[in-house]
Amino acid sequence: MQAKQIREYYKKLWILLTKQQKNKFKVVLLLLVISSLFEILSLGSLLPFITAIVSPEVIFENEYTRPIVDALEWSTKEEVRIYLTVIYISIIVLTALFRTMLKVYEVRFIYSVGAMISRNIYKSYLLRTYSEYLLSNSSEILSDLPHKVGELISSWLTPSINILVAIVLSIA
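Here goes a summary of the coordinates provided.

About the criteria used
- Residues numbered from 1 in each chain as written.
- Predicted model: local features only at pLDDT ≥ 70, side-chain atom pairs only at ≥ 80, totals over all residues.
- Heavy atoms only, no water.
- Helix = DSSP H or I, 4+ residues; strand = E, 2+ residues; numbered from the N terminus.
- Rg over C-alpha atoms; globule rule 2.2 N^0.38 Å.
- Buried < 20%, exposed > 50% of the residue type's maximum accessible area, 1.4 Å probe, protein only.
- Contact = heavy atoms within 4.5 Å.
- Areas by Shrake-Rupley, 256 points an atom, 1.4 Å probe, with all protein chains shown as cover.
- Lys, Arg positive; Asp, Glu negative; His and termini not counted.
- Charge placed at Lys NZ, Arg CZ, Asp CG, Glu CD.
- Salt bridge = Lys/Arg side-chain N within 4 Å of Asp/Glu carboxyl O.
- Axes fitted to C-alpha atoms, helices over the stretch in contact; angles between N-to-C directions.
- Parallel < 35°, antiparallel > 145°, perpendicular 65-115°, else oblique.
- Nonpolar A, V, L, I, M, F, W, Y, C, P; charged D, E, K, R; others polar.
- Polar contact = N/O pair within 3.5 Å; in protein donor to acceptor, adjacent residues only side chain to side chain.

## Here's the deal with the overall build of the chain
In terms of regular secondary structure, the chain is built from 8 helices and 0 strands. Along the chain direction, N to C, the helices and strands of the chain fall in the order α-α-α-α-α-α-α-α. Compactness check: the chain gives a C-alpha radius of gyration of 25 Å against a globular reference of 16 Å for 172 residues, more than 25% above the reference. Expressed as lengths along the three principal axes of its C-alpha atoms, the size of the chain is roughly 85 × 30 × 25 Å. Of all 172 residues assigned to the chain, the portion counted as buried reaches 27%. Of all intrachain contacts in the chain linking residues separated by at least 6 positions in sequence, the fraction that spans at least 24 positions is 74%. Carbon and sulfur atoms make up 66% of the accessible area of the chain, which amounts to about 11,900 Å² in all. Of note, the chain has its 18 positive side-chain charges centred 16 Å away from the centre of its 14 negative side-chain charges.

This is the structure:
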């Protein structure tokens, strides 16, 4: 499949989406950005956390961290280790929560689009003229509908969203 065809499919899908689904997609994108910021924060804080655990005296001696330590009134190495461990674990938990929220919203969005496509196809079958209806095998059409829409979701829409998520996270 060529890039131009793929773009056309995305344009057609975007036109088919309701305003509510477009807003849900924007929420997914917003959660994606927030999730990637938390990923950056969790990965960026790993090395300082390890440094503080291995040699907490660096925290007391560093000119940038000394004002923070003084403001928080941390006086012993054990306090530094405990508080930084709690902070780091909190960052990791928040990152996991946002990734979970992102996945929940992502799945809800994908399946709402699938349901909308199923409804539209089913409605188009019901609105056919009687002569068109007689020419087609309606039981075959209606039995294939869930399978084809499920295939669309699992082989095209879900991977597209997953690729988008992977691109944003790798850029971040």
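## Brief notes about the pattern of salt bridges
If the charged atoms of two oppositely charged side chains come close together, the side chains can form a pair. Per the stated rule, a full pass over the model turns up 6 salt bridges. Between Glu-39 and Arg-99 there is a salt bridge whose closest N-O contact spans 3.5 Å. One end of the pair, Glu-39, is in helix α2 (residues 19-44); the other, Arg-99, is in helix α6 (residues 77-126), with 60 residues separating them in the sequence. Relative accessible area serves as the criterion here: at 19%, Glu-39 is assigned to the buried category. Taking the relative accessible area as the measure of exposure, Arg-99 reaches 38% and is therefore partly exposed. Arg-66 is the salt-bridge partner of Asp-70, the closest N and O atoms lying 3.2 Å from each other. Of this pair, Asp-70 and Arg-66 both sit in helix α5 (residues 66-72), separated by 4 residues, roughly a single helical turn. Arg-66 sits in the partly exposed class, given a relative accessible area of 32%.

## Brief notes about the environment of Ser-124
Residue position: Ser-124 is located in helix α6. The exposure class of Ser-124 is partly exposed, given its relative accessible area of 39%. Residues Ser-124 and Val-54, 70 residues apart in the sequence, show an inter-C-alpha distance of 66 Å.

## A short note on the packing of α2 against helix α3 (residues 46-54)
Between α2 and α3, the least distance of the axes is 4 Å, while the angle of their chain directions is 30°. Classified by the angle their axes make, α2 and α3 are roughly parallel. Counting all contacts with α2, which are made through Ser-42, Leu-43 and Gly-44, the residues of α3 involved are Leu-46, Leu-47 and Pro-48. Taken together, the residues that form the contact of α2 with α3 break down as 4 nonpolar, 2 polar and no charged.

## Description of the side chain of Thr-95
Assignment of secondary structure puts Thr-95 in helix α6. Of the residues examined, Thr-95 reaches a relative accessible area of 5% and is grouped as buried. Engagement of the side chain of Thr-95 in a polar contact is seen with the backbone oxygen of Ile-91, the distance being 2.8 Å. In this view, Thr-95 contacts Phe-38, Glu-39 and Ser-42; residues no more than four positions away in its chain are not counted.

## Quick look at unusual backbone geometry
In this structure, Glu-73 takes a positive phi of about 60° despite not being glycine. As for its placement among the helices and strands, Glu-73 is situated in the loop between α5 and α6.

The values reported here are purely geometric and, on their own, carry no functional implication.
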